[in-house]
Amino acid sequence: MNNGLNNITHTLHNHLCLGCGLCEDVCPKHCITIQRKDGEHRPVLDASQCLGDKCGRCLKVCPGVGINLSEASRLLYENGRQDKYIGRYVSLYTGYSLDEDIRYHSASGGMVSQFLIYLLEKKVIDGAVVTGFSEEDHLTPVSYIARTKEEIIKARSSKYCPVALNKVGNEIAGAEGKYVIVGLPCHIQGFRKRAKTDRKFREKVIGYFAIYCSSNRTFHAQDYLLSKYHVRRDSISYFAYRDNGCLGSMCIRQQESRGQEFPSTAAKESSGCREWKSEISIPFNRYYGALRSFFKPRRCLTCIDHYGELADVCFGDIHIKPYSDDKTGISSWIVRNAYFDSLFKQAEKEGYIKMEVLDAHTLNESQKAMLYPKKRKANTLMRLDKFKGRAIAEYNVALPVPQWKDYVSILVTNAQRFIGRHRSLWFIIDYLYDKRNKHGK
């Protein structure tokens, strides 16, 4: 029996769990399982089987407890330039896939999907860890190793819900070939930790790709959106948070079935979305910003890694003119590894992608609403947690001193999160959501 000090109980007790799922894979006794609880992924421990202080492998890979970002980044990317927000890097780019279908139907110009396809077709890699939606309900995120172009395309576009990358790490460690892992910055931190102690895994992964992340959303956000637009889960045949162009729309296709009632014309008009009998399309800017902080996971509020400082390549939107004028799809990305920089240049030369050099200031300005206050706000909540006697994530970097408005922001965010966790209070979200969209804010 463990004493709860050297396993994921520590992570859970101190509200540090990110729901990444990596702890399940590395447990030698197989006594950790990832389950959905309260709208998030959480590890469930069979304490009777845990080795406790004799093991501790789950904590060694846990990104929730933090990682020495500056030291890890220095060891990985010693050469190149450095920016206060971006971290260490070799090059910055903006561009898009030259496959019009991939470009239009992916989140930001299709660069992640297109570059992975290039790496596969040129036999640089044998597969890539990606995340798509389940074939059963089209809503549940499922991570897997894509080994074909078709499998990569199935995983395209954003997943604004919790994603657990459990099981894929062990599959990679036991497979032949070379692989790339695509995940959020926290996923990359966890896999970097695993690579330090797992030689088989380390030798198989040749690249880590991160998606810019200001914060994730819980599964309650998905539930809310389905409720808001009168969509039954068992009617869904296709779901995408973003499709049809740059930023795009949340698209839901429904199969008509016995007893299924689709929204009335009045309901369609009042929702502010473009609907047909079996298809719903809500512009990203209309639905996503209106969700505010109601469905943010708590641990995301103390994350300081927006871009993914330990990833070889980091991808995301670019919310600034003239790029934001593009309606088809455009990406920005950070290259920290010279090997992948050369591969991007080769991919452009061979007609897979279009790209041009980007400067650091423009990239940071495109992310400023989320990026600039991120570390300061994270430090605000961590200071409050420390005051309450909780352990906090250790990043070994100096964080900006909080301002009084940050403490107010934390109070407001916590109030919104309380509402988001209680369906009976969602009428408040409805009111603010509709008010925001009515005034176009």
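Remember, predicted model here, so these are calculated numbers, not experimental data.

Visitor: What is the right way to look at the overall build of the chain in this model?
Guide: The secondary structure content of the chain amounts to 19 helices and 16 strands. By the compact-globule yardstick of 22 Å for 441 residues, the chain fits well, its C-alpha radius of gyration being 21 Å. Across its three principal directions, the C-alpha atoms of the chain cover 60 × 55 × 45 Å. The burial tally for the chain puts 58% of its 441 residues in the buried class. Within the chain, counting contacts between residues at least 6 apart in sequence, those at least 24 apart form 73% of the total. For the chain, the exposed surface amounts to about 20,100 Å²; the carbon and sulfur share of it is 51%. Positive and negative side-chain charges in the chain, numbering 67 and 48 respectively, have mean positions lying 6 Å apart.

Visitor: Is there a simple way to think about helix α14 (residues 338-349) in this case?
Guide: Residues that lie three or four places apart on an α-helix share one face, since the helix turns once every 3.6 residues. Taking 1.5 Å of rise per residue, the twelve residues of α14 would be expected to cover 16 Å, and the 17 Å separating its terminal C-alpha atoms lies within 8% of that figure. Among all positions of α14, only F340, D341, L343, F344 and A347 are buried. Projected down its long axis, α14 shows its buried positions confined to an angular sector of 160°, all on one face. Every exposed residue of α14 that faces more than 90 degrees away from the buried side is listed here: A338 and K349. Lining the buried residues of α14 we find β5 (91-97), α6 (111-121), β9 (205-211), β14 (313-316), β15 (331-335) and β16 (353-357). Its side-chain oxygen 2.8 Å from the backbone nitrogen of Y339, N337 forms the N-cap of α14. Residue G351 follows α14 closely and has a positive phi angle near 85°.

Visitor: Would you mind going over the environment of L139 with me for this structure?
Guide: Position of L139 relative to the elements: it lies in the loop between β6 (127-133) and β7 (141-146). Through-space distance from the C-alpha of L139 to that of K159 is 9.6 Å; in sequence the pair is 20 residues apart. Ignoring anything within four residues of it in the chain, the contact list for L139 reads F133, Q222, L226, R233, I236 and F239.

Visitor: Sorry if this is basic, but what is going on with the state of the cysteines here?
Guide: Defined simply, a disulfide is a covalent bond joining two cysteines at their sulfur atoms. Following the criterion strictly, the structure yields zero disulfides and no others. Residue C23 stays outside any disulfide, its sulfur separated by 6.2 Å from that of C20, the closest cysteine. In this model C55 remains outside any disulfide bridge; the closest cysteine sulfur is found in C27, 6.3 Å from its own. Owing to a relative accessible area of 19%, C55 belongs among the buried residues under this scheme.

Visitor: Teacher, can you tell me more about the pairing of β14 here?
Guide: Side chains of β14 alternate between two faces, with V313 and F315 and C314 and G316 buried alike. Both β9 and β14 contribute to a ladder of three bridges, which runs parallel. The residue bridging I211 from the neighbouring strand is F315, located in β14. By the bridge criterion, four bridges tie β14 to β15 in an arrangement that is antiparallel. The partner of C314 across the bridge, within β15, is I334.

Visitor: What is the right way to read the sheet that holds β16 from this model?
Guide: Backbone-to-backbone hydrogen bonds pair the strands of a sheet. The strands run either parallel or antiparallel. Reading across from one edge, β7-β6-β8-β9-β14-β15-β5-β16 is the order of the eight strands in this open sheet, with mixed pairing throughout. Every other strand in the sheet has two partners, leaving β7 and β16 as the edge strands with one partner each. In this sheet, adjacent strand axes meet at a mean angle of 25° when their direction is disregarded. One ladder, built from five bridges, connects strand β8 (residues 179-183) with β9; its direction is parallel.

Visitor: Could you clarify how one ought to interpret the confidence of the model for the chain in this entry?
Guide: Close inspection of predicted coordinates is inappropriate in any region flagged by low pLDDT. For the chain, per-residue confidence averages 93 on the pLDDT scale, and residues scoring 70 or more make up 93% of the total. Low pLDDT (under 50) marks residues 258-277, which in the prediction has 29 contacts with non-local residues, meaning those over four places away or in another chain.

Visitor: How should I be thinking about the packing of helix α17 (residues 374-387) against helix α18 (residues 404-420) in this particular structure?
Guide: For any two helices packed against each other, one specifies the crossing angle of their axes together with the interaxial distance. Between α17 and α18, the shortest axis-to-axis distance is 9 Å and the interhelical angle comes to 75°. Here α17 is positioned roughly perpendicular relative to α18, judged by the angle of their axes. Counting all contacts with α17, which are made through R376, K377, T380, L381, R383 and L384, the residues of α18 involved are K405, D406, Y407, S409 and I410. Among the residues making up the contact of α17 with α18, the classes are represented as four nonpolar, two polar and five charged.

Visitor: Please explain the pattern of salt bridges as it appears in this structure.
Guide: As a working rule, side chains carrying opposite charge can pair if their charged atoms are close by. If you walk through the whole model with that rule in mind, you get 22 salt bridges. Between D198 and R194 there is a salt bridge, with its nearest N and O atoms 3.0 Å apart. Each of the two residues, D198 as well as R194, counts as buried. Within this structure, D25, R194 and D198 form a network of salt bridges that share partners.

What counts, and at which threshold
Residues numbered from 1 in each chain as written. Predicted model: local features only at pLDDT ≥ 70, side-chain atom pairs only at ≥ 80, totals over all residues. Heavy atoms only, no water. Helix = DSSP H or I, 4+ residues; strand = E, 2+ residues; numbered from the N terminus. Rg over C-alpha atoms; globule rule 2.2 N^0.38 Å. Buried < 20%, exposed > 50% of the residue type's maximum accessible area, 1.4 Å probe, protein only. Contact = heavy atoms within 4.5 Å. Areas by Shrake-Rupley, 256 points an atom, 1.4 Å probe, with all protein chains shown as cover. Lys, Arg positive; Asp, Glu negative; His and termini not counted. Charge placed at Lys NZ, Arg CZ, Asp CG, Glu CD. Expected span 1.5 Å × (residues − 1). Arc of directions from axis to C-beta. Polar contact = N/O pair within 3.5 Å; in protein donor to acceptor, adjacent residues only side chain to side chain. Disulfide = S-S within 2.5 Å. Pairing = 2+ DSSP bridges. Axes fitted to C-alpha atoms, helices over the stretch in contact; angles between N-to-C directions. pLDDT = per-residue confidence, 0-100. Parallel < 35°, antiparallel > 145°, perpendicular 65-115°, else oblique. Nonpolar A, V, L, I, M, F, W, Y, C, P; charged D, E, K, R; others polar. Salt bridge = Lys/Arg side-chain N within 4 Å of Asp/Glu carboxyl O.

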